[in-house]
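Notes for the structure review
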Amino acid sequence: MVEVEQTPVLTDNYVHVVHDPETGATAAVDPAVAPPVFDVLDRRGWQLSHILCTHHHGDHVGGVMDLKQASGATVVGALADAHRILGIDIEVKDGDHVAIGRHTVRVLSVPGHTAGHVAYFFREAQVLFPGDCLFSLGCGRVFEGTAEQMWRSLCKLRALPDDTRVYPAHEYTNANADFALTIDPENAALHARADEVLALREAGRSSLPSTMASEKAANPFLRADDPVLQAAAGLDGPDAAAVFAEIRRRKDCF
Ligand code: ZN
Ligand code: FE
């Protein structure tokens, strides 16, 4: 297993610090800012060994250089983004594996939000950091890719085990639930998740992690190829990517 410390930063970002108690290996995922990560390391008595970057946006990499300089941690990021993420030591591509302590982290290339976006899957612990590709009940905006690419990326994540704990980089779940209910108003799993998230947020707690099973049942962006979802949204057709594109378009102007 791994321990995951989740810290809210900026407006709605999370930085995750992942710790392997057996070896002491510790990774910060998408450190938007450095000071809250130093606080976690101090409080827990952990030493940073790795920094994992999902994509080049400032709200994900802003703290990388300060953390690297202070700790000597190894920075992992996409080869495709090596020109725009400072400090990368290990340049990764789809299917690569990175060892963090005794854990194996699989790199999945998930373009769409950005061209070089990657997700990190801790294989033995079944923990996923999808960055801004997959959110709970939502997905990232398509900035640098096509809707079809984003759909394929989400399908790749959807293929991970149902028990996978999913730690997206933003707390967007409540707003995503409001939109998802307009697409899929009869979905009982979606209603249950929306209620759960509202209660968590009202109690001042995080809505994350989610699980892949929950997202597969409730997240409309993972269900564009499901005839039930297509009928609910008034969209049908064999081309799931086109259905996905239309749901994404509606969300963009929601
Ligand atoms: Zn982003
Ligand atoms: Fe972001």
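Residues numbered from 1 in each chain as written. Chains lettered and ligands numbered in written order. Predicted model: local features only at pLDDT ≥ 70, side-chain atom pairs only at ≥ 80, totals over all residues. Heavy atoms only, no water.

Points about the sheet that holds strand β10 (residues 127-129)
- Read from one edge to the other, the open sheet built from 6 strands follows the order β7-β8-β9-β10-β13-β14, with strand pairing classed as mixed. Looking at which strands have only one partner, the edges of the open sheet turn out to be β7 (97-100) and β14 (210-211).
- Strand direction decides the pairing type here: β10 and strand β13 (residues 165-166), joined by 2 bridges, are parallel. Of the residues in β13, the one forming a bridge with V127 is R165.
- Lying over the sheet, helix α4 (residues 147-158) contacts β8 (103-109), β9 (118-122) and β10, oriented at roughly 155° with respect to β8. (Pairing = 2+ DSSP bridges. Helix = DSSP H or I, 4+ residues; strand = E, 2+ residues; numbered from the N terminus. Contact = heavy atoms within 4.5 Å. Axes fitted to C-alpha atoms, helices over the stretch in contact; angles between N-to-C directions.)

Here's the deal with the coordination of the iron ion (ligand 2)
- Protein-derived coordination of the iron ion (ligand 2) comes from D59 (OD), H60 (NE2), D132 (OD) and H170 (NE2), at a distance range of 2.1 to 2.4 Å.
- One can describe the donor arrangement at the iron ion (ligand 2) as irregular, given that its 4 donor atoms subtend angles of 85 to 167° at the metal.
- Coordination of the iron ion (ligand 2) draws on donor residues from a single chain, spaced D-H-x71-D-x37-H in sequence.
- The two metals, the iron ion (ligand 2) and the zinc ion (ligand 1), are separated by 3.2 Å and share D132 as a common coordinating residue. Here D132 lies in the loop between β10 and β11 (134-135) and H60 lies in helix α2 (residues 58-61), a separation of 72 residues in the sequence. (Donors = N, O, S within 2.8 Å, 3.2 Å for Na, K, Ca; no water. Tetrahedral: all angles 85-135°; square planar, octahedral: opposite > 155°, others 65-115°.)

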